[in-house]
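Observations on the model geometry
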Amino acid sequence: MHTIDINEELQDMCFRYICDAGLEGRITQHIGRAENIIPELDDMFDLVFIDADKVNYCRYYDQVFDKVRVGGFILADNVLYDGEVVLPHEQQSKNAKAMHAYNEKLRNDPKIEHVLLPVRDGIMIARKTKE
Ligand SMILES: C[S@@+](CC[C@H](N)C(=O)[O-])C[C@H]1O[C@@H](n2cnc3c(N)ncnc32)[C@H](O)[C@@H]1O
């Protein structure tokens with residue numbers, strides 16, 4: 001498993017939890033911008049969880065897509081953005097517009113099937129069905 005976060009202050013705290021779980025040999029923590037780190041990951045993934053800066057969700061989706069196995073999942077948090085995604089475009093914040101764009105992108109992607117779970121701030125579950 002790989003984790004990516006830009007905030008180096010989180011590294012030690014997260015590592016303590018990883019050690020408490022006895023998983024320090026199985027999890028690699030990367031500190032830096034996800035858009036720079038994802039292209040360097042030479043691995044295939046069964047599941048990717050996107051929960052970072054909202055304006056880059058579409059980019060992260062495109063960057064990870066070829067690294068996810070057919071049958072694997074791409075999950076994304078905050079896709080409802082506190083309900084803002086259903087407001088008229090001109091009333092949406094920058095982040096809500098980005099989440100709306102992400103939802104539309106997945107709705108139009110013929111290589112996945114997807115479902116939006118309306119729990120908390122909305123989790124989009126996409127399952128890759130084609131290369
Ligand atoms: C809402 S928090 C979620 C963190 C974690 N998934 C959790 O549930 O605790 C969003 C995280 O995205 C990180 N982040 C923001 N921009 C980033 C970027 N360009 N690359 C990597 N991480 C980023 C922030 O540092 C922050 O920790």
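Since we're looking at a predicted model, the values are computed, not measured.

**Focus on unusual backbone geometry**
- Positive phi, close to 70°, is recorded for Asn 78, a residue that is not glycine.
- For Asn 78, the location among the structural elements is in the loop between β4 (68–77) and α4 (94–107).
- Its identity is not glycine, yet Asp 82 carries a phi of approximately 55°, on the positive side.
- Tracing the backbone shows Asp 82 in the loop between β4 and α4.

**Things to note about the domain arrangement of the protein chain**
- Here the protein chain is partitioned into domain 1 (1–32) and domain 2 (44–128).
- Distance between the C-alpha centres of domain 1 and domain 2: 24 Å.

**Points about the pairing of strand β2 (residues 28–31)**
- Note: strand β1 (residues 2–5) against β2, four bridges, orientation parallel. In the sheet register, Ile 4 faces β2, and the bridge partner there is His 30.

**Section: helix α1 (residues 11–20)**
- Burial analysis of α1 places just zero of its ten residues in the buried class, which makes it a mostly uncovered element.
- Positive backbone phi, approximately 70°, marks Gly 22, located one or two places after α1.

**Considerations on the pairing of strand β6 (residues 123–128)**
- Going residue by residue along β6, you find Met 124, Ala 126 and Lys 128 tucked away on one face and Ile 123, Ile 125 and Arg 127 left uncovered on the opposite face.
- The turn linking strand β5 (residues 112–117) back onto β6 is made up of five residues, and Arg 120 within it adopts a positive phi angle of 45°.

**Examining the site of the ligand**
- The environment of the ligand is formed by Ile 4, Asp 5, Ile 6, Asn 7, Leu 10, Arg 33, Ala 34, Asp 51, Ala 52 and Asp 53.
- Residues that form the shell around the ligand fall into these classes: five nonpolar, one polar and four charged.
- Residue-level mapping places the shell around the ligand at the junction of two domains, with at least three residues from each of domain 1 (1–32) and domain 2 (44–128).

**Thoughts on the sheet that holds β4**
- The strand order across the open sheet formed by four strands is β3-β4-β6-β5, and the pairing between neighbours is mixed. Every other strand in the sheet has two partners, leaving β3 (45–50) and β5 as the edge strands with one partner each. Adjacent strand axes in the sheet meet at a mean angle of 15° when their direction is disregarded.
- Of the strand pairs in this sheet, β4 and β6 are connected by five bridges, and their pairing is antiparallel. Within the sheet, the bridge partner assigned to Phe 73 lies in β6 and is Arg 127.
- Against the sheet, helix α3 (residues 57–65) engages β3 and β4, with an angle of about 165° to β4.
- Against the sheet, α4 makes contact with β4, β5 and β6, and its axis sits at roughly 30° relative to β6, the strand it touches most.

**Observations regarding the packing of α3 against α4**
- Here α3 crosses α4 at 35°, and the two axes come no closer than 8 Å. Residues Tyr 57, Cys 58 and Tyr 61 of α3 form the contact with α4, whose participating residues are Ala 98, Met 99, Ala 101, Tyr 102 and Lys 105.

**Considering α3**
- Along α3, the residues classified as buried are Tyr 57, Tyr 60 and Tyr 61. End-on, the buried residues of α3 take up no more than an arc of 105°, which puts them together on one face.
- In this structure, the buried residues of α3 make contact with α2 (34–37), β3, β4 and α4.

How each quantity is defined
Residues numbered from 1 in each chain as written. Predicted model: local features only at pLDDT ≥ 70, side-chain atom pairs only at ≥ 80, totals over all residues. Helix = DSSP H or I, 4+ residues; strand = E, 2+ residues; numbered from the N terminus. Domains from an automatic or database assignment. Pairing = 2+ DSSP bridges. Buried ≥ 20, exposed ≤ 12 C-beta atoms within 10 Å, placed from the backbone. Near = placed C-beta within 6 Å. Nonpolar A, V, L, I, M, F, W, Y, C, P; charged D, E, K, R; others polar. Axes fitted to C-alpha atoms, helices over the stretch in contact; angles between N-to-C directions. Contact = placed C-beta atoms within 7 Å. Arc of directions from axis to C-beta.

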